[in-house]
Amino acid sequence: MSDIINILPDSVANQIAAGEVVDRPASAVKELLENAMDAGATQIQLIVKDAGRTLIQVIDNGCGMSDSDARLCFERHATSKIHKADDLFAIHTMGFRGEALASIAAIAQVDMKTRQHDAELGTQVEIEGCSVKDQHACSCPVGTSIAVKNLFYNVPARRNFLKKDTIELSHIEEVFRRITLIHNDISFTFHSNGKLLYDLRSDTMLQRVCQVFGEGYKEKFYPVEEESDVVCIKGYVAKAEYAKRSRSEQYLFVNGRYIKHPMLAAAIEKAYTDMIPEGSHPAFFVSLTVDPSRMDVNIHPTKTEVRFIDESAMFAILRAATKKALGQFSLATEFEFNPSTEFDFTPLPKGYVPVEPKIDYNPTYNPFAGTHDTNKRDDHNRDNWKNFFEERTDDCTPSMESLVKQTNVPNGNFDSTENQEYFQIQNRYIACPTNDGLLLVDQRLAHERILFERLTQKEKAVGGQQLLFPVNCQFSAADADIMDEMKTELTHSGFEMQRMAGSNVFVVSATPADLNDSELQEFFDTLVREFKGAMMEKFSDRGTKIYMTIARRMAIKAEKALQKEEMRQIVKDLMECNMPAVAPGGERTTTLLTADKIRQIFVNL
Ligand code: ADP
Ligand code: MG
């Protein structure tokens, strides 16, 4: 028998662990910024070169470290933030695992200068490959400056996996936003390759949102505020008219930390029911304060998922608070004109723990029985009818896979001549009675498919319209570079634009028809954001993604009254598409309610 187990040397163990904590420059940026905040800094500078590949430097004016702490902090499990297991249930700092600096030191060359308030001199430590190469006294300002150089210099596999600079930089920007938005009492600057990208002074939360996203944001939000024993809520929710097609501007924070919590985000979205079109999402910046002992602390430090003991109470409170914010500020005028508007919000007293309401319905309810004399009944009937109908159609409509494979829509002997009847349902759907049944077309999704195929299948560029007055669109430095990257696709789609030399402004001189001048900036902002998102999700074909976004943005709205001729054109163009049955995003464009299915509706009650 021979022993085969050995203990890994620290340098190897740290390098392995580093993979979990630091997987790209943005995660090192997050750790360093969090440390600076934990040190009580009021001013923090972030400097990166080559999207963090060659340099990530964070300079803070926090508490600094003593000579020996300056060495010790690079050891694994070296932390000043917890001392015993019980401390885990009352964490008030960003970090506590004592892993970040050890991990960073394992995969980069680190140069740190630090000085405590009462020390005359600071200390400088140089680290390479996990070990201290040099330490000596130095003069430096109070606080800490950590420079992380040549990230992954000793882990070629990781280095080679890094994406283009524009993509890595946008990850860093996102980390920076997630931190700076909620720490509005701290000043931050952010330089990339010598260029100042952000200069944020300490200000109110709303001001900080504007500093990060643009002055225009001031008009777009309502404040939301609520205090209860379970959770305190403070923040801003967007006015319904500013809803967007993506969720990219939804920021939720708990105890000063950005989190992802789909259920709580849904609570906010639920408050907008019937106020914004389906598929649109409100932006929000909402900060929650929760007793740390009521949340799961055992979460991975680099992950953003969190669990709460009082999740369903939080859901109800958050939804009610958002409703209140929207109601107080936007329904106010409506109230005056329509005093009978029902409004189901009642203020929550402190100490009250609501439960999520259950939907109560009678499964044996017969929509055809009884009278239809009150409005309420009618609503009931409609809902029941809808459920029933959805169940039926889902049973008999083909699966997504078969739809995607399908090259033709089941058009039920649709008559493409002048004789075909068209009518519109709720300004959303085009209905065509055919020999075999009723063909239903979702006008927006159908139009998306048509535009998408026009953009992707034509060799020749789609013709644009010259603008009478060119429009200037302004971007951050990083976003402007992304605009450059998308140039081919944009030109192909009918845009003509020129980047002003040495600036981040694009002068747009032509656009595809149907695009309003005033919508251009938002159009490009959405495009840039979705492009970044797609790159992060490793979307295989960037061209496709860009055209998908353009098609989606230019398609007619879900709620738009159409003339008969317009309906005819849409249905005809759709039929001529290569893949008419599905929208570029994968949604079904059409469904045929065959006479058979209609019959079943009536016989199988
Ligand atoms: P953690 O933050 O989980 O404690 P880190 O590895 O990030 O672990 O940092 C280790 C320790 O180094 C911290 O607990 C803190 O005492 C010290 N430290 C790190 N960065 C700074 C800084 N910018 N200013 C002062 N102290 C710092
Ligand atoms: Mg830390």
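Preceding this paragraph is the structure being described.
Before going into details, it helps to say that this report is about the structure given with it. (Residues numbered from 1 in each chain as written. Chains lettered and ligands numbered in written order. Predicted model: local features only at pLDDT ≥ 70, side-chain atom pairs only at ≥ 80, totals over all residues. Heavy atoms only, no water.)

Now for the overall build of the protein chain. Counting its regular elements, the protein chain contains 18 helices and 20 strands. The buried share among the 605 residues of the protein chain stands at 47%. Pairs at least 24 residues apart make up 68% of the contacts formed inside the protein chain by residues separated by at least 6 positions. As presented, the protein chain carries roughly 31600 Å² of accessible surface, and 51% of it is formed by carbon and sulfur atoms. (Helix = DSSP H or I, 4+ residues; strand = E, 2+ residues; numbered from the N terminus. Buried < 20%, exposed > 50% of the residue type's maximum accessible area, 1.4 Å probe, protein only. Contact = heavy atoms within 4.5 Å. Areas by Shrake-Rupley, 256 points an atom, 1.4 Å probe, with all protein chains shown as cover.)

Glancing now at the packing of aromatic side chains. Each aromatic ring pair is characterised by the separation of its centres together with the angle its planes make. Taken as a whole and assessed by the stated rule, the structure comprises 18 aromatic pairs. An angle of 25 degrees between the planes, with centres 6.0 Å apart, marks the rings of tyrosine 217 and phenylalanine 221 as stacked. Across this residue pair, the class does not change: tyrosine 217 and phenylalanine 221 are buried. One aromatic cluster is present, built from ring pairs that chain together Phe213, Tyr217, Phe221, Tyr251, Phe253, Tyr258 and Phe285. One Lys or Arg, lysine 220, reaches over the ring of tyrosine 217 and ends 4.5 Å from the middle of that ring. (Phe/Tyr/Trp six-rings, centres within 6.5 Å; stacked < 30°, edge-to-face > 60°. Lys NZ or Arg CZ within 6 Å of the ring centre and 35° of its normal.)

Bringing the sheet that holds strand E4 (residues 122-128) into the picture now. Sheet architecture is open: eight strands sit in the order E5-E4-E3-E6-E2-E1-E7-E8, paired in mixed fashion. Each edge of the sheet is formed by a strand with only one pairing partner; in this case those strands are strand E5 (131-138) and strand E8 (195-200). With direction set aside, neighbouring strand axes in the sheet form an average angle of 10 degrees. (Pairing = 2+ DSSP bridges. Axes fitted to C-alpha atoms, helices over the stretch in contact; angles between N-to-C directions.)

For residues other than glycine, phi is negative in most cases, and the peptide bonds are mostly trans. Here aspartate 50, not a glycine, exhibits a phi torsion of approximately 50 degrees, which is positive. In this structure, aspartate 50 sits in the loop between strand E1 (43-49) and strand E2 (55-60). One non-glycine residue, asparagine 150, adopts positive backbone phi at about 50 degrees. Among the structural elements, asparagine 150 can be located in the loop between strand E6 (143-149) and helix H5 (156-161).

Before going further, it helps to spend a moment on the side chain of histidine 183. Within the fold, histidine 183 resides in the loop between helix H6 (165-180) and strand E7 (187-192). One polar contact links the side chain of histidine 183 to the main-chain carbonyl oxygen of glycine 256, over a distance of 3.0 Å. Excluding its chain neighbours within four sequence positions, the residues that come into contact with histidine 183 are Met37, Met94, Phe188, Arg208 and Gly256. (Polar contact = N/O pair within 3.5 Å; in protein donor to acceptor, adjacent residues only side chain to side chain.)

Right, let's talk about helix H7 (residues 205-213) for a bit. An α-helix turns once every 3.6 residues. As a result, residues three or four positions apart point the same way. Taken together, the buried positions of H7 are Met205, Leu206, Arg208, Val209, Cys210 and Val212. At its buried positions, H7 is contacted by H6, E7, E8, strand E10 (232-238) and strand E13 (284-289). Once H7 ends, the next one or two residues include glycine 214, with phi positive near 125 degrees.

Where strands meet in a sheet, backbone hydrogen bonds hold them as pairs that are either parallel or antiparallel. Reading across the sheet, the five strands line up as E9-E10-E13-E11-E12 and stay open at both edges, with mixed pairing between neighbours. Edge strands, defined here as strands with exactly one partner in the open sheet, are strand E9 (221-227) and strand E12 (257-259). Averaged over all pairs of adjacent strands, the angle between strand axes in this sheet comes to 20 degrees, irrespective of strand direction. Against the sheet, H7 contacts E10, strand E11 (250-254) and E13, and its axis sits at roughly 140 degrees relative to E13.

Taken together, 19 residues lie near ligand 1, and Asn35, Thr79, Ser80, Lys81 and Gly98 sit nearest. Note that a nitrogen atom of ligand 1 is positioned 2.9 Å from one of the side-chain N or O atoms of aspartate 60. Threonine 144 is positioned with one of its side-chain polar atoms (N or O) 3.3 Å from a nitrogen atom of ligand 1. Along the lines of polarity and charge, the residues of the shell around ligand 1 split into eight nonpolar, seven polar and four charged. (Near = heavy atom within 4 Å. Nonpolar A, V, L, I, M, F, W, Y, C, P; charged D, E, K, R; others polar.)

What follows is about the pairing of E11. A regular strand carries its side chains on alternate faces of the sheet. Most of E11 sits inside the fold, with five of its five residues counted as buried. The alternating pattern of E11 places Gln250, Leu252 and Val254 on one face and Tyr251 and Phe253 on the opposite face, and all of these are buried. In this structure, E11 lies alongside E13, joined through five bridges in parallel fashion. Across the sheet, tyrosine 251 pairs through a bridge with phenylalanine 285, a residue of E13. Looking at chain direction, E11 and E12 are connected through three bridges and run antiparallel. When the sheet's bridge partners are listed, valine 254 is paired in E12 with arginine 257. Where E11 folds back on E12, the antiparallel hairpin that results is connected by two residues, among which asparagine 255 adopts a positive phi of roughly 45 degrees.

With that settled, the discussion passes to helix H4 (residues 100-107). Summarising burial for H4: eight of the eight residues are buried, a large majority. Those residues of H4 that are buried lie in contact with helix H1 (10-21), helix H2 (25-38), strand E3 (109-115), E4 and E6.

Turning our attention to the nonpolar core. In terms of nonpolar packing, the biggest core is built from 64 residues, with Ile44 and Leu46 touching the most fellow members. In terms of residues, this core owes the most to one element, H2, which gives seven residues. Summarising the domain contributions, this core has at least three residues from each of domain 1 (10-206) and domain 2 (220-334). Ignoring any residue separated from it by four or fewer positions in sequence, one finds isoleucine 44 in contact with Leu33, Ala36, Met37, Val58, Ile59, Asp60, Ile186, Ser187, Phe188 and Thr189. Core analysis: the next-biggest nonpolar cluster, separate from the first, contains 33 residues, Val224, Val231, Ile259 and Val286 among them. (Core = buried A, V, L, I, M, F, W, Y, C linked by side-chain atoms within 4.5 Å. Domains from an automatic or database assignment.)

Glancing now at the pairing of strand E19 (residues 505-511). A large share of E19 lies buried, amounting to five of its seven residues. With six bridges connecting them, strand E17 (residues 465-474) and E19 associate as antiparallel partners. What sits directly across from glutamine 465, in E19, is threonine 511. Sheet topology places strand E18 (residues 496-499) next to E19; four bridges connect them, and they run antiparallel. Bridged to methionine 497 within E19 is valine 508.

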